[in-house]
Structures are given as structure tokens and as C-alpha cells.
Amino acid sequence: MALNIEKKDAFMYMEKFTPIRFGPSIRYFGGRPREGCLAISITGVVCVVILQSDGTTITSSESLGSLRSRLKVVDLCYGKNGDFLVAASDGVVSSAIQCYKVTLRLQQEKCVITSQALPSFYPNCYIITSGSAADKTCTRVTHLRFVIREAADAIVVCIAGNNDSIVELWELREKQIPLHKMFLSQSMDSKLKTVCWQHHASARTPSQVVALTTPRSSIYDSNPPPSYILAAYQDSTIKCFYRESLHLVCSITINPSACRLDEAGVTLPGSATLISDMQLTWTGCALLTIDSLSQLYLYRLSPITDPGGPVSPNYAVTLLEYCMMTGVDWWDILIGLKPGMIESISDKMSDTFNRQPPALQQYYLSRFLAIKMTIYRCLSTGHFKAGDCYSLLMLNAIANCFKSVLRPTDLSSLDKGPAENLTAIMTSKQHSETTDVDKVILNFEKNKEFCVEPATLQSLQQLIQWVANFTLYLLASLPQQYHNMIRFPGGGLLADHKALSSLRELLVVIRFWGLIRHTCLPVFTKTSENLDVVSLLFKLLTRTLLCQGSEPDENLLDECCLLPSQVLVPKLYLATEAAGVTSPSLALNPLPLSFEYKCEPEFMQFTHEPIMLEGSIPAFQKYDIVRHIYMGSNPSIYKQCTRCSSVSMVKVSPKSSATRAWDQRWARACPCGGHWKLVKSST
């Protein structure tokens, strides 16, 4: 997926972003890509390992060139048809930079490797000084990188001498070669077109290059795509070059010894260290560097569209939309945002997202809400809207889960399923203003729909409980939000007509499922045994929905005020906490920030003032943010999100296919988009 430069201001995602297809190197039957790895040895041998579905492996090896030679530096690039493009050098400046195309194919459970030589070139510093005494200043090739890992049209070469180094940019261009008339025929042109490497630019520095990095991919569909080239030098300097003419964007000098602290926080005297390696993030917004003392350095980069300038809201929105479309993590974008930009970015993203077709909105809704949730948590007062985003995300996920398990015994119409019929019934004139849930259930019993196996219903009980608890939480917070102007995380859904309608539909489904299996119904702590909580919630929710666009009547507010005295309102966990650099602490502390492994500094510990509903009682236990069950006060092992600190059990035996699908949905990442880390209790 890449951004179309000509339509970068378009509102439709499918016009703004262009899909770029890359074929797999080796396919299963049906075109599914196989897993494996490719390596090139120092002796010039290509080694391939293919992982089979049964756990076995297929290995193969072949010489990269027609003649074996010792290789010093190698880099790979991916072709769109599944080929690998290889650039290799033996490290000697007088030798050519060899290029190859490596093709893999599977033939009778054997991997066949084919290597084809492509045009090569000599370093420019060797060409212009060949035969003179000056060629002794540049003696070896130290680094070799394709500018874009997915495009083979440019290579960066680093040549080092005794006291200096040169960074050269070479581009693959079309060249016309004039032919003698004796080789021409009537159908041939007088000039022959061929492809060759041409020197584009050079940058000399009085220090040796120790590390080089280029972008992993480009989000722009242009030729050539804009990109940065970063080089680290022996004098602890990092220089950022713009691809066009290797223009120097910025230069920084790090002091590794200043970051070494003892247990008392005193700076330790350190010896000279070298930068070992560097890597750009997937969006190119941050640079990660590691030195010889295993110290990590994180730097923010300026926008590629405005080298050296600040991050603009439009640029941030484009990158966040790209992450939403491709699934790339967006944490590196957040560290470049200022608190004053958050609201503008969120409004622009919402405005563009609401203009998309309904099918596209439904497909990307979860990722869109996760991105908004993350950027709101970067504000000191943004946990309210972050709670709204999480509540809406979880509500839509549970609604889709419930509707996916519906197995009707008799379809009333062939063109509509139970989910569509449910929405049609609830929005009809007959039931849109009905406050009695049992009257709506009578229509369901007559149509014989929404029947689900009792065992499946029981496995979904914790999700049913969350829907009822969240509805109770919303209605109980209505008087305080209206009279006292107190905001609650998740309370913003009271103004969302679509969210309230979805909650109303789910309460009807829960009520109907309770007739099939009574034990799947939500459990409440009530002051009166005769109180029908689900029926009461449906009545109050319907009246709240009818008041949309106007002020709620006093009778509704009075009944909502009585809810905490009738039913115990449990504490809801809405993933509003923020941890790490994607939190308000980043903007509240001066840069640079120093961290120590497995030791969270006090200046990064940011907590919001807890806001509790009147009558609600917190539970001093860990709460599974995915399965919505309590895990006890001190579980032995669990998963914790690195972005919102929410926890979840490592593994639970699924009781049905529905719960198995639910667990797998959040196996890779937290609902907020953060990665899981494994935590083991010390006691």
C-alpha cells in the first residue's frame, strides 16, 4: 500500500492509497506464501530453508555467481514478482559491486535456486582517482544498502579510507547507446536503450562510517520515492542525508558515557564507544541506535515531505491513515506529536473516516478506534475520550460476535439474515419506541429466529455480563454528567445514537437467549429479589434514546439516580491508562529522557485522578481486558499490554468455537493496539 501523490488530498481511501502487489517467492497450492528464510554466506553461497506445514524443512544451496569469491558486504532487495535482488562486494574498492537476481521455485519437493548476473558498477571514487596517487585514500567498501528495501533502483555505497569516508548514491537509469549504421536495419532505431548504474551524488566526511541505515519501505508511490539516508561515524556523529543530491538535513553528536548512571544516579566515567547498528521504524518517523555498550538511543525525525521542519497535522493524519490501512504500528508517529495537535488530528481523521463507504468503515472500525484511543491517551485530560473509543470498540466487537453465532431455524426472507432482521425489527415503528422488552421478544418467538445452542450461550456469559454492566454504567452516570457536568470515561456514548441502538438490540438478544438458557443471563447484586434488571435497563435505555437531540426529562434522570441504590454498579476497566513514551509524560518532561532496563523512572509514571460513580465499589483484583473476567489479586502468570498496562490471561481452554474466535482476535495485540508482554508473579 502506498500513497498516491497526485491524489494525496482525496477523501476516499481507495483513491488516496494505491495497493502495490508483491508476489511470494514460493507458494502453496492456491497461491498462499510459504515461510522460510534466505541467507548468503561469506563464500558466496545462497542458502534457502523452507518451513513445511508438518514441521519438516526443505534446504537448498547454490553459488551466487559463476565463480565463487569471498564477500564482505551484502544487501538484499525484494522484487514484486517474488525474486530477490542481491548487491555484493568483496570489500575491495578496486572490485566491482556485483548485482544478481535470485529466483526460487519448488520442483518435486526440492527448491531450485537460479542466480542471474545483473549490471554491476565500480565505486565512483575509484573511477575518478584510478591511476593516481589519490586512490590510496579510499581502500575498502564498508557498507552497502538499497535505499528502499522494496525497490532496486538505488544503492548507497560507503567507502572508507584511513581518516575519512565517502557515501555514494547510485541509481539505476535508462541509457541510450548509439549504434553504428552497419548494425542497424530498417526496423531498428539508431539508439539502443539499456539499463545501467549511474553515479548520482557523493558526500565526504573526515571520519569513518560505522553504521548505515535506509528506510524499510516508502509510503509514497513516486519515482524516486523521497527517503532519508542515515550514516553513523566513528566520532559518534549521526548524519541524516536527503536522497536528492545527498543534501545534509541534520547532524547530531551523541555522548554515550553521559547516559551511564550508577545506582545512586551519578554519571559514570565511560570509555569511548562506537555505534554498532541503526534502524528506522516502519513509517520512518524515528531512528533507533545501539552502541557497543548495548545502550539504545531513540531519535525523532522530521517529516520526509519537509526535511528539517516540524510535524504538521496533515502529515500526521496521512501517516495514521496509512497505518490503519496497512496494520503497521503507529507508536513512532505519536512521539512526534504535540499536545495541541491531538484534537485537530482526531477531528480530521474522523471527518475523513465518516465519508468512506459503510462496508469500508465497518472493516477498519476497530483499528480506527484503536488509533484514536492511543492519541487521546497522550493528553493529560484525554482519558475520557480514550474510554469512549475503547467502549465503542468493544461494543462493536461484541455485537459482531453475538450476531455471528446466530443460527436461525427458519429464515423469514432469503435475502436477509438474523442480524439484518434484528435491526429491521428494532427500528420499525412498532418497536422503536417500545419500552417493554418482553413485547419485543414476542415478535422473535413468532418468527422462530435467533436460536443458538445452549452450550455456546453459556460460553458467552462474560461478554453478556459486560454488555449489561456497561449499560448500567452509562445510565447511572447520566444524572452526574447532566447535572454536575462530570465526565466519565465511556460516558460520551450517551450522545451516540448508533451505539445506544446497538446496546438496545443486544439487550433484546440477551433477553431472548435467557429463555433458551437461564444461566447465561447477567448476574447482579440487587437490593430487591423481584427487580428485573434487564427489563429496567431496556426501558431506561429506550427513553434515553428517544431523548437524543434534546434534554433528558426529569423523570428519566430521577430513575437513573435510583439505579445505584437498586443495583450494585461494578467498576469498569476501559483501558484508559497510558504507559511509556506514548503518554502525557513525554510532553511534560524535558528531552532527552534517560531510562534503565526493567526500571521505570518516576517521571514517566502518569496516573489519572480516578472518577467513581456514586454507589459503585471497586474490585481489588486484576481484570482480564479481553475476556472480561477477574483473574484474582495476584495471578502467577499473565499478559500485560505495554501501551495501556491492561492484563489478560495467557491461555484459557475455549468452551466453544465462538470463544475460540474471540480469544484469537486479541492474541496478537491488546484491543488498544499495544503489544503483549509476559509477566510472572514474584510471589
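Below or above, wherever it landed, is the structure these notes cover. Values in this document were obtained by computation on a predicted structure and should not be read as measured data. (Residues numbered from 1 in each chain as written. Predicted model: local features only at pLDDT ≥ 70, side-chain atom pairs only at ≥ 80, totals over all residues. Heavy atoms only, no water.)

**Describing the packing of helix 7 (residues 383-404) against helix 12 (residues 497-516)**
Okay, so step 1: Orientation of helix 7 relative to helix 12, taken along the N-to-C sense of each, is 40°, at an axis distance of 11 Å. Our classification of the angle between helix 7 and helix 12 gives oblique. Relative to helix 12, the crossing made by helix 7 is left-handed. Contacts between helix 7 and helix 12 involve Leu392, Leu395, Ala399, Phe402 and Lys403 on the former and, on the latter, Ala499, Ser502, Leu503, Glu505, Leu506, Ile510 and Trp513.
Okay, so step 2: Among the residues making up the contact of helix 7 with helix 12, the classes are represented as nine nonpolar, one polar and two charged. (Axes fitted to C-alpha atoms, helices over the stretch in contact; angles between N-to-C directions. Helix = DSSP H or I, 4+ residues; strand = E, 2+ residues; numbered from the N terminus. Parallel < 35°, antiparallel > 145°, perpendicular 65-115°, else oblique. Left-handed = near helix turned anticlockwise from the far one by under 90°. Contact = heavy atoms within 4.5 Å. Nonpolar A, V, L, I, M, F, W, Y, C, P; charged D, E, K, R; others polar.)

**Comments concerning a nonpolar patch on the surface**
Okay, so step 1: On the surface, Ile20, Phe22 and Tyr78 cluster together to form a nonpolar patch covering roughly 230 Å² of accessible area.
Okay, so step 2: Mapping isoleucine 20 onto the fold places it in the loop between strand 2 (17-18) and strand 3 (35-40). (Patch = residues over 30% accessible without salt bridge, like charges linked within 9 Å, V, L, I, M, F, W, Y side chains within 5 Å. Areas by Shrake-Rupley, 256 points an atom, 1.4 Å probe, with all protein chains shown as cover. Salt bridge = Lys/Arg side-chain N within 4 Å of Asp/Glu carboxyl O.)

**Comments concerning the environment of isoleucine 5**
Okay, so step 1: Tracing the sequence through the fold places isoleucine 5 in the loop between strand 1 (2-3) and helix 1 (13-16).
Okay, so step 2: Taking the relative accessible area as the measure of exposure, isoleucine 5 reaches 36% and is therefore partly exposed.
Okay, so step 3: Each C-alpha atom of the pair isoleucine 5 and tyrosine 220 lies 6.7 Å from the other, and the pair is 215 residues apart in sequence.
Okay, so step 4: If we ignore the near neighbours within four places in the chain, the residues touching isoleucine 5 are Tyr220, Asp221 and Ser222. (Buried < 20%, exposed > 50% of the residue type's maximum accessible area, 1.4 Å probe, protein only.)

**Re the sheet that holds strand 7 (residues 84-89)**
Where strands meet in a sheet, backbone hydrogen bonds hold them as pairs that are either parallel or antiparallel.
Okay, so step 1: Across the sheet, four strands lie side by side as 6-7-8-9; this open sheet has antiparallel pairing. Edge positions in the sheet fall to strand 6 (73-78) and strand 9 (111-121), since each of these pairs with one other strand and no more. With direction set aside, neighbouring strand axes in the sheet form an average angle of 25°.
Okay, so step 2: Pairing of strand 7 with strand 8 (residues 97-106) involves five bridges; the strand directions are antiparallel. Looking across to strand 8, one finds that alanine 87 is bridged to cysteine 99. (Pairing = 2+ DSSP bridges.)

**Remarks on helix 11 (residues 461-483)**
Okay, so step 1: Here helix 11 spans 34 Å end to end across 23 residues, near enough to the 33 Å set by a 1.5 Å rise per residue.
Okay, so step 2: Where helix 11 bends most, at serine 477, the angle is about 35°, and the proline proline 479 comes one to four residues later.
Okay, so step 3: Phi turns positive one or two residues past the end of helix 11, at methionine 485, with a value near 55°. (Expected span 1.5 Å × (residues − 1). Bend = angle between axes of the 7 residues up to and from the residue.)

**Focus: the pattern of salt bridges**
Okay, so step 1: Scanning all chains against the criterion turns up 17 salt bridges.
Okay, so step 2: One salt bridge in this structure joins arginine 511 and aspartate 532, with 2.7 Å as the shortest N-O distance. Placement of the pair is arginine 511 in helix 12 and aspartate 532 in the loop between helix 12 and helix 13 (533-546), with a sequence separation of 21 residues.
Okay, so step 3: Classification of arginine 511 as buried rests on a relative accessible area of 18%.
Okay, so step 4: Residue classification places aspartate 532 among the partly exposed residues on the basis of a relative accessible area of 32%.
Okay, so step 5: Of the charged contacts in the structure, one is a salt bridge between arginine 543 and glutamate 559, with a shortest N-O distance of 2.5 Å. Placement of the pair is arginine 543 in helix 13 and glutamate 559 in helix 14 (residues 554-566), with a sequence separation of 16 residues.

**Here we look at the state of the cysteines**
Okay, so step 1: Under the defined criterion, the tally for this structure stands at zero disulfides.
Okay, so step 2: Free cysteine: cysteine 323, not disulfide-bonded; nearest cysteine sulfur from cysteine 285 at 7.8 Å.
Okay, so step 3: Given a relative accessible area of 0%, cysteine 323 falls into the buried group. (Disulfide = S-S within 2.5 Å.)

**Regarding the sheet that holds strand 24 (residues 647-648)**
Okay, so step 1: Taking strand neighbours across the sheet as the criterion, the three strands line up as 24-23-25 in an open arrangement whose pairing is antiparallel. Both outer strands of the open sheet, strand 24 and strand 25 (676-680), are each paired with one neighbouring strand and no more.
Okay, so step 2: Looking at chain direction, strand 23 (residues 637-641) and strand 25 are connected through five bridges and run antiparallel. Bridge pairing in strand 25 places lysine 639 opposite leucine 678.

**So, the side chain of threonine 318**
Okay, so step 1: The topology assignment puts threonine 318 in helix 3 (residues 313-326).
Okay, so step 2: Leave out the neighbours within four places in its chain, and threonine 318 touches Leu3, Lys16 and Phe17.

**A few points about the nonpolar core**
The nonpolar side chains of a soluble globular protein tend to be buried, and buried together.
Okay, so step 1: In terms of nonpolar packing, the biggest core is built from 133 residues, with Leu230, Ile345, Phe402, Trp513 and Trp662 touching the most fellow members.
Okay, so step 2: Once residues within four sequence positions are removed from consideration, tryptophan 513 is found in contact with Phe402, Val405, Leu406, Phe450, Val452, Leu457, Leu460, Ile464 and Cys520.
Okay, so step 3: The next biggest cluster of nonpolar side chains, apart from the first, holds 19 residues, and it includes Val73, Cys77, Ile97 and Cys138. (Core = buried A, V, L, I, M, F, W, Y, C linked by side-chain atoms within 4.5 Å.)

**A few points about unusual backbone geometry**
Okay, so step 1: Cis geometry is found at the peptide bond from asparagine 223 to proline 224, where omega equals -5°.
Okay, so step 2: Structurally, the position occupied by proline 224 is in the loop between strand 14 (209-213) and strand 15 (228-233).
Okay, so step 3: Look at the link from leucine 591 to proline 592: it is a cis peptide, with omega at 0°.
Okay, so step 4: For proline 592, the position within the fold is in the loop between helix 15 (585-588) and strand 21 (622-623).
Okay, so step 5: The phi dihedral of leucine 246 is positive, around 55°, even though this residue is not glycine.
Okay, so step 6: Inspection of the secondary structure assignment puts leucine 246 in the loop between strand 16 (237-242) and strand 17 (247-253).
Okay, so step 7: With a phi close to 65°, serine 645 is a non-glycine residue in the positive phi region.

**Quick notes on the side chain of threonine 374**
Okay, so step 1: Relative to the assigned elements, threonine 374 resides in helix 6 (residues 358-376).
Okay, so step 2: A residue is classified by how much of its surface remains accessible, and threonine 374, at 0% relative accessible area, is buried.
Okay, so step 3: A distance of 3.4 Å separates the side chain of threonine 374 from the side chain of tryptophan 330, its partner in a polar contact.
Okay, so step 4: Beyond its immediate sequence surroundings of up to four residues, threonine 374 is in contact with Trp330, Leu334, Arg643 and Cys672. (Polar contact = N/O pair within 3.5 Å; in protein donor to acceptor, adjacent residues only side chain to side chain.)

**Thoughts on the environment of threonine 427**
Okay, so step 1: Examined against the element boundaries, threonine 427 turns out to sit in helix 8 (residues 418-427).
Okay, so step 2: In sequence terms threonine 427 and glutamate 505 are 78 residues apart; their C-alpha atoms lie 9.6 Å from each other.

**A word on the pairing of strand 16**
The side chains of a regular strand alternate between both faces of the sheet.
Okay, so step 1: A large share of strand 16 lies buried, amounting to five of its six residues.
Okay, so step 2: In the sheet, strand 15 pairs with strand 16 via five bridges, with the strands oriented antiparallel. Each residue of the ladder has a partner; that of alanine 232, found in strand 16, is isoleucine 238.
Okay, so step 3: The sheet contact formed by strand 16 and strand 17 spans six bridges and is antiparallel. Within the sheet, the bridge partner assigned to threonine 237 lies in strand 17 and is threonine 253.
Okay, so step 4: What sits between the antiparallel neighbours strand 16 and strand 17 is a turn of four residues, in which serine 245 has the positive phi angle 65°.

Purely geometric numbers; function is a separate question.
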